[in-house]
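Structural features, examined
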Amino acid sequence: MRVPPTVRIERDLLGEREVPAEVLYGIHTLRAVENFPLAQRGVHPELVRAYGTVKLACARTNRELGWWRDDPAKGDAIEQAAADMAAGQLTCHVVVDALQGGAGTSTNMNVNEVLANRALELLGLPHGSYERVSPLDDLNLHQSTNDTYPTALRVAAIRSLRELEKQIVALQEAFQETEKRFAHVVKVGRTELQDAVLITLGREMGAYAEAVARDRWRLYKCEERLRVINLGGTAIGTGLAAPREYIFRSVEILRELTGLGLAQAANLVEATQNADTFVEVSGLLKAHASSLWKISSDLRLLSSGPEAGFGEVRLPALQAGSSIMPGKVNPVIPEAVTQAALQVYGHDMVIGMACAAGSLELNPFLPLVADCLLDAIDLLARACRMLNQSCVRGLETNEERCRLLAQSSTAAATALLPRLPYATICELASRARSSGRGIRSEVIQSGLLNGAEFDALTSSEAVCRLGTPAKLPGCPASTTAEERRRP
C-alpha cells in the first residue's frame, strides 16, 4: 500500500522548499510566515473575503476575453475557488502575518496559492500541480499586488462601514427613545463643570442622538472616497501586461459582483501612488470616535457617585466594581467605549504617517494601513453596539435627585429673568448660597414669586422652549425689560 507523501517540493526564485502536502498555501506563503513573525495575528477576515471577490472578478474577466477557452474545467475551478474565498470558506488558509513587507505581496501570493490549490482539489489533482493551475500564470493573470491589494482593501472597508452604519443607526434610535422617556425630567445644565441653567435630561439625550446622526452622514463621505479603485493598473498604474479590454471590464464585473458603486480611477498612476484617501476616511472615523468618547465621558459624570456625585442617571449594573470595596458598581461600558475611541485615535495617527511614508509609484505600507483601518471600523461598530445594548437602552434616571439639585441650584436663577431683574436674581442667588436653603425657597420667601410661578418658570416646557413667550403658563403677563429694571 502506497503511503501518501507528507510534504511536497515547491520552487521559487530563491530555490526549493518542502511544503506540508495537505496545506493549500505554497512556498511564497511559507517564506512570508517565516519572515514576518511580527503582529502575531492574521490578515483581517474581511480583507481576505474581499480579495476572493476581486480574484473572482479578474478570473471572470479573463474568461470573457477567451482565456482557458480550451480548458473550461480549469476556468470553472478557478472561479469556484475564488467564490469559496469570497464566501469566507478559505479564510483560515490565509496565514501570513497582518504586518508584512512588500506592499501586500505576501497576502496576494498567499491568496493566489490557496486559490490555485483549491482549484486543483476541485479538479481532483494533488496540491502543487501548478502545471495545470498556476498561482502566478493563472490566478495572478493580468494582475499585480499593487492594484488588487488596494482594491480589496477598499471593498473590505466599504462593507465594514455599512455594518458600522447599522450600529450607528441603532445607537441613534436608542438615544431618541431615551430622549422621549426623559423629556419631563428637569435638571441642572452645566458649563465648565459649573451649574449653568436648567435643561431636561431628554434634551441632553437628544443632543447625543443628533451628534451620532451627524456621524452617520459622515460615513457616506467615507464610501464616496473609497469607491474609486485602481484595478487594472497592474504594477504602477500603466496597465503593463494587461489587455486594454481587461483593464476596463474587470472593474465593471467587480461592481456587478459586489453591488457597490465602484468606479475606476481616472488616473491609475496617481491612484496607485497615493493613499491619502485612507487618511481622509480615518479622520472621519476619528470624528465618530470623538463623539463616542464625549458621550461616554458625560454618562460617567451624570452617573457618578451615586450618593456623593451627580447621581442623576443610573447605568445598568453589569458587574461588581471592586475586589475590596463592597457594593461598588463601575461605569464599565462607557469606560470600555472610551478605550475603543482612544484606540481609533491611535490608528488614525498611524494611518496618516503610513500613507505619508509612501515613495514614488507605490506605498509599501498598505498592510499597516489595512490593519489599522479595518480594526478601527470594527472597534467603532462593536463600541456602538455595546453602548446601545448594554448602557443606553437600560439607562434610568433618579428624578428626585434631579429635582432637588435643580431647585437648590443657582442654575434655576436664570429661568427667572423673564420676571425679575438681573441684579435682583444675583442677590437672591447669593443669599441662597449663604443660607443653604436653595434658590426656590429663597425666591418664595422673598415674596417676589410664589411657588406656582417659580415652578412654571422652571418646568420642563419652560426650560426647553426656544425663547420666552409674552405670556408664560401659570404666571401673570411677563414683564417688560423696563419693568424688570424698576426697583
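Here, every reference points to the structure presented above.
Now for a quick tour of the structure. Values in this document were obtained by computation on a predicted structure and should not be read as measured data.

Counting across every chain of the model gives four cavities of 30 Å³ or more. Of the voids in this model, the largest cavity is the one considered here, and its volume is about 80 Å³. Surrounding the largest cavity, Asn146, Pro150, Arg154, Ala271, Thr272, Gln273, Asn274, Ala275, Phe278, Leu362, Asn363 and Leu366 form its lining. Going through the elements one at a time, α5 (145-181) and α8 (268-273) are the ones with two or more residues in the lining of the largest cavity. Size it by volume and the second largest cavity reaches roughly 60 Å³.

In this model helix α3 (residues 72-86) runs 21 Å from its N-terminal to its C-terminal C-alpha over 15 residues, within 8% of the 21 Å that 1.5 Å per residue would give. What α3 keeps buried is the set Lys74, Gly75, Ala77, Ile78, Glu79, Ala81, Ala82, Asp84 and Met85. Contacts from the buried residues of α3 go to α2 (45-64) and α4 (105-122). Gly88 occupies a position one or two residues after α3 and carries a positive phi of about 85°.

Okay, the packing of helix α10 (residues 332-356) against helix α11 (residues 366-390) next. Look at α10 against α11: their axes get within 9 Å of each other, and the N-to-C directions meet at 160°. By the angle class used here, α10 and α11 are roughly antiparallel. Viewed along their axes, α10 and α11 form a crossing whose handedness is left-handed. Counted together, Ile333, Ala336, Val337, Ala340, Gln343, Val344, His347, Val350, Ile351, Ala354 and Cys355 of α10 and Leu368, Val369, Cys372, Leu373, Asp375, Ala376, Leu379, Leu380, Ala383, Met386, Leu387 and Ser390 of α11 form the full contact between these two elements. For the contact of α10 with α11, the residue count by class is 19 nonpolar, three polar and one charged.

Moving on, we get to the nonpolar core. Across soluble globular proteins, nonpolar side chains have a tendency to be buried as a group. Counting residues in hydrophobic clusters, the biggest one holds 107 residues, and the most contacted among them are Leu164, Phe175, Met205, Phe278, Leu285 and Leu387. When residues no more than four places from it in sequence are discounted, the contact partners of Phe278 are Leu153, Arg154, Leu226, Ile351, Cys355, Leu366, Val369 and Leu373. Counting residues in hydrophobic clusters, the runner-up holds 19 residues, among them Leu198, Ala412, Ala432 and Leu457.

Negative phi characterises most residues that are not glycine, and trans characterises most peptide bonds. Geometrically, the link from Gly305 to Pro306 is a cis peptide bond, its omega value of 0° lying close to zero. Mapped onto the secondary structure, Pro306 falls in the loop between α9 (276-302) and β7 (313-314). In the Ramachandran plot, His142 falls in the positive-phi region, its phi being about 65° despite a non-glycine side chain. Topologically, His142 is positioned in the loop between α4 and α5. For His142, a relative accessible area of 9% translates into the label buried.

Attention shifts here to the packing of α2 against α5. One way to put it is that α2 packs onto α5 with a least axis distance of 8 Å and a crossing angle of 120°. Our classification of the angle between α2 and α5 gives oblique. Judged by the sense of rotation from one axis to the other, the crossing of α2 with α5 is right-handed. Contacts from Glu46, Leu47, Arg49, Ala50, Tyr51, Thr53 and Val54 of α2 reach α5 at Thr145, Thr148, Tyr149, Thr151, Ala152, Leu153, Val155, Ala156, Arg159 and Ser160. Here the residues of the contact of α2 with α5 are counted per class, giving nine nonpolar, five polar and three charged.

Here the structure, examined in full by the defined rule, presents 33 salt bridges. Across the salt bridge formed by Glu64 and Arg249, the nearest N and O atoms sit 2.9 Å from each other. Placement of the pair is Glu64 in helix α2 and Arg249 in helix α7 (residues 244-258), with a sequence separation of 185 residues. A residue is classified by how much of its surface remains accessible, and Glu64, at 47% relative accessible area, is partly exposed. Residue classification places Arg249 among the partly exposed positions, given a relative accessible area of 22%. Put simply, Asp84 and Arg118 hold a salt bridge, and the shortest N to O gap is 3.1 Å. On the criterion of sequence distance, the pair formed by Asp84 in helix α3 and Arg118 in helix α4 is long-range, its members being 34 residues apart. Note on Asp84: relative accessible area 5%, which makes it buried. Looking at Arg118, the relative accessible area reads 22%, which means it is partly exposed.

Okay, the packing of aromatic side chains next. Scanning all chains against the criterion turns up four aromatic pairs. Measuring from centroid to centroid gives 5.1 Å for Trp217 and Tyr220, while their planes differ by 35°, and the two rings are tilted. Of this pair, Trp217 and Tyr220 are both found in helix α6 (residues 201-226), three residues apart, which corresponds to roughly one turn of the helix. A cation sits over an aromatic face here: Arg216 above Trp217, 6.0 Å from the ring centre.

Conventions we followed
- Residues numbered from 1 in each chain as written.
- Predicted model: local features only at pLDDT ≥ 70, side-chain atom pairs only at ≥ 80, totals over all residues.
- Heavy atoms only, no water.
- 1 Å grid on protein atoms, 1.4 Å probe; cavity = no way out; pocket = protein on both sides within 12 Å on 5 of 7 lines; lining within 4 Å.
- Points joined across faces, edges and corners; volume = space filled by probe spheres on them.
- Helix = DSSP H or I, 4+ residues; strand = E, 2+ residues; numbered from the N terminus.
- Expected span 1.5 Å × (residues − 1).
- Buried < 20%, exposed > 50% of the residue type's maximum accessible area, 1.4 Å probe, protein only.
- Contact = heavy atoms within 4.5 Å.
- Axes fitted to C-alpha atoms, helices over the stretch in contact; angles between N-to-C directions.
- Parallel < 35°, antiparallel > 145°, perpendicular 65-115°, else oblique.
- Left-handed = near helix turned anticlockwise from the far one by under 90°.
- Nonpolar A, V, L, I, M, F, W, Y, C, P; charged D, E, K, R; others polar.
- Core = buried A, V, L, I, M, F, W, Y, C linked by side-chain atoms within 4.5 Å.
- Salt bridge = Lys/Arg side-chain N within 4 Å of Asp/Glu carboxyl O.
- Phe/Tyr/Trp six-rings, centres within 6.5 Å; stacked < 30°, edge-to-face > 60°.
- Lys NZ or Arg CZ within 6 Å of the ring centre and 35° of its normal.

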